[in-house]
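Now for the letters of each chain:
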Amino acid sequence: MDVGVADDLLRRSLVVHKFAVEELMTKLRILSEEFDLVHRHDPIEHVTQRVKRPDAILDKLRRKGLPADLALAAEHLDDVAGVRVVCPFVSDVYRVRDMLARQSDLEILRTKDYVAEPKPNGYRSLHLIVRIPVFLSDRVEHVKVEVQLRTIAMDFWATLEHKLYYKYDDQVPAGFVEELTNTAAIAAELDARMEALHLEVQRDD
Ligand code: 0O2
């Protein structure tokens, strides 16, 4: 394929993914504000978003042994567009998932529940691959977005684990992984105890 044509295809694909992220951000903002208004509890603490940069897309394609073809990235990768939703409590993670699942224009294609079944290193989060329509000037595109839902404690752990891990560049010292897994268990316990307090406060409300 001509380089100019491929560049143009990539630019268009990335911009459509950016629009999909914006649509999802609007949905989440509405859920957050309206739920808070009705129930006096905001199930969303904050939301971050990103569209993968071309170099990160190429890295992931190579890691997965797929052709390093940016124009086809969206066919091979489900997380070109990503939204991370940080919730106060574990119950909010599932509450937000349920509210998204009830939206008729949003399809949940795949779920990975690392809250119910954490990864061996202790990583916890609820991952959804959703598909939403983006209405363009001459067509509708149905775009996949990876939604990661997690509590503040899960986010704290995952952010620091990522930071610490990258320093070692695959040369991880003995005991390091085990200690990280131990800290994940502490984060999980913190979530459970905070959830119990949350229930108590709600009962007294
Ligand atoms: P980035 O830069 O965060 O996007 P798949 O994407 O489904 O084809 P995979 O790896 O099986 O491939 O997906 P999975 O398990 O759903 O995890 C994808 C993303 O979850 C990662 O994206 C991370 O954001 C996050 N994640 C998964 N495991 C861990 C973990 O052990 N620690 C931390 N800190 N984050 C994790 P990327 O593409 O790796 O990177």
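- In the annotation of an unreviewed UniProt entry, the entry for the protein chain reads GTP pyrophosphokinase family protein, and the organism field reads Saccharothrix xinjiangensis.

Some remarks on the overall build of the protein chain
Here is step 1 of the chain: Each helix and strand in the protein chain was counted, giving six helices and five strands.
Here is step 2 of the chain: For the C-alpha atoms alone, the extent of the protein chain along its principal axes is close to 65 × 50 × 20 Å.
Here is step 3 of the chain: For the protein chain, the residues scored as buried account for 37% of the 205 residues in total.
Here is step 4 of the chain: For the protein chain, the exposed area adds up to about 12,500 Å²; of that, 53% sits on carbon and sulfur atoms.
Here is step 5 of the chain: The positive charge centre, built from 29 side chains, and the negative charge centre, built from 37, are 2 Å apart in the protein chain.

Concerning the site of the ligand
Here is step 1 of the chain: Surrounding the ligand, one finds 18 residues, the nearest of these being Arg 50, Lys 60, Lys 64, Tyr 114 and Asn 121.
Here is step 2 of the chain: Here an oxygen atom of the ligand sits 2.8 Å away from a polar atom, N or O, in the side chain of His 127.
Here is step 3 of the chain: Within the complex, the protein chains bury 73% of what would otherwise be the 750 Å² of accessible surface of the ligand.
Here is step 4 of the chain: Those elements that place two or more of their residues in the shell around the ligand are strand E3 (107-113), strand E5 (140-151) and helix H5 (152-168).
Here is step 5 of the chain: For the shell around the ligand, the per-class residue count stands at three nonpolar, four polar and eleven charged.

Considerations on a nonpolar patch on the surface
Here is step 1 of the chain: Where nonpolar side chains cluster on the molecular surface, the patch consists of Phe 156, Leu 160 and Leu 164 and spans about 290 Å² of accessible area.
Here is step 2 of the chain: Assignment of secondary structure puts Phe 156 in helix H5.
Here is step 3 of the chain: Residue Phe 156 is classed as exposed on the basis of its relative accessible area of 56%.

Quick notes on the sheet that holds E3
Here is step 1 of the chain: Taken together, the five strands give an open sheet; going across it, the order is E1-E2-E5-E4-E3, and neighbouring strands pair in mixed fashion. Two strands in the sheet have a free side with no partner beyond their single neighbour: strand E1 (46-51) and E3. Pairs of neighbouring strands in the sheet enclose a mean axial angle of 25 degrees, with direction left out of account.
Here is step 2 of the chain: In terms of strand pairing, strand E2 (residues 81-87) meets E5 through six bridges, oriented parallel.

What to know about the packing of H5 against helix H6 (residues 176-204)
Here is step 1 of the chain: At a minimum axis distance of 9 Å, the contact between H5 and H6 shows a crossing angle of 170 degrees. The angle between H5 and H6 falls in the class roughly antiparallel. Listed contacts from H6 to Ala 153, Met 154, Trp 157, Glu 161, Leu 164, Tyr 165 and Tyr 168 of H5 are Phe 176, Val 177, Leu 180, Thr 183, Ala 184, Ala 187 and Asp 191.
Here is step 2 of the chain: Among the residues forming the contact of H5 with H6, the class breakdown is eleven nonpolar, one polar and two charged.

Quick notes on the pattern of salt bridges
Here is step 1 of the chain: Here the structure, examined in full by the defined rule, presents 17 salt bridges.
Here is step 2 of the chain: Here Arg 62 and Asp 59 are joined by a salt bridge, their closest N and O atoms 3.8 Å apart. In this pair, Arg 62 and Asp 59 both sit in helix H2 (residues 54-63), three residues apart, roughly one turn of the helix.
Here is step 3 of the chain: Overall, Arg 62 belongs to the exposed group, its relative accessible area being 52%.
Here is step 4 of the chain: Residues joined in a network through salt bridges with shared partners are Arg 50, Lys 52, Lys 60 and Asp 79.

Details of the packing of aromatic side chains
Here is step 1 of the chain: Tallying each qualifying case throughout the model produces two aromatic pairs.
Here is step 2 of the chain: Ring centres of Tyr 114 and Tyr 123 lie 5.8 Å apart, and the angle between their planes is 65 degrees; on these two criteria the pair is classed as edge-to-face.
Here is step 3 of the chain: Given a relative accessible area of 16%, Tyr 114 falls into the buried group.
Here is step 4 of the chain: Taking relative accessible area as the criterion, Tyr 123 reaches 10% and is therefore assigned buried.

How each quantity is defined
Residues numbered from 1 in each chain as written. Predicted model: local features only at pLDDT ≥ 70, side-chain atom pairs only at ≥ 80, totals over all residues. Heavy atoms only, no water. Helix = DSSP H or I, 4+ residues; strand = E, 2+ residues; numbered from the N terminus. Buried < 20%, exposed > 50% of the residue type's maximum accessible area, 1.4 Å probe, protein only. Areas by Shrake-Rupley, 256 points an atom, 1.4 Å probe, with all protein chains shown as cover. Lys, Arg positive; Asp, Glu negative; His and termini not counted. Charge placed at Lys NZ, Arg CZ, Asp CG, Glu CD. Near = heavy atom within 4 Å. Polar contact = N/O pair within 3.5 Å; in protein donor to acceptor, adjacent residues only side chain to side chain. Nonpolar A, V, L, I, M, F, W, Y, C, P; charged D, E, K, R; others polar. Patch = residues over 30% accessible without salt bridge, like charges linked within 9 Å, V, L, I, M, F, W, Y side chains within 5 Å. Salt bridge = Lys/Arg side-chain N within 4 Å of Asp/Glu carboxyl O. Pairing = 2+ DSSP bridges. Axes fitted to C-alpha atoms, helices over the stretch in contact; angles between N-to-C directions. Parallel < 35°, antiparallel > 145°, perpendicular 65-115°, else oblique. Contact = heavy atoms within 4.5 Å. Phe/Tyr/Trp six-rings, centres within 6.5 Å; stacked < 30°, edge-to-face > 60°.

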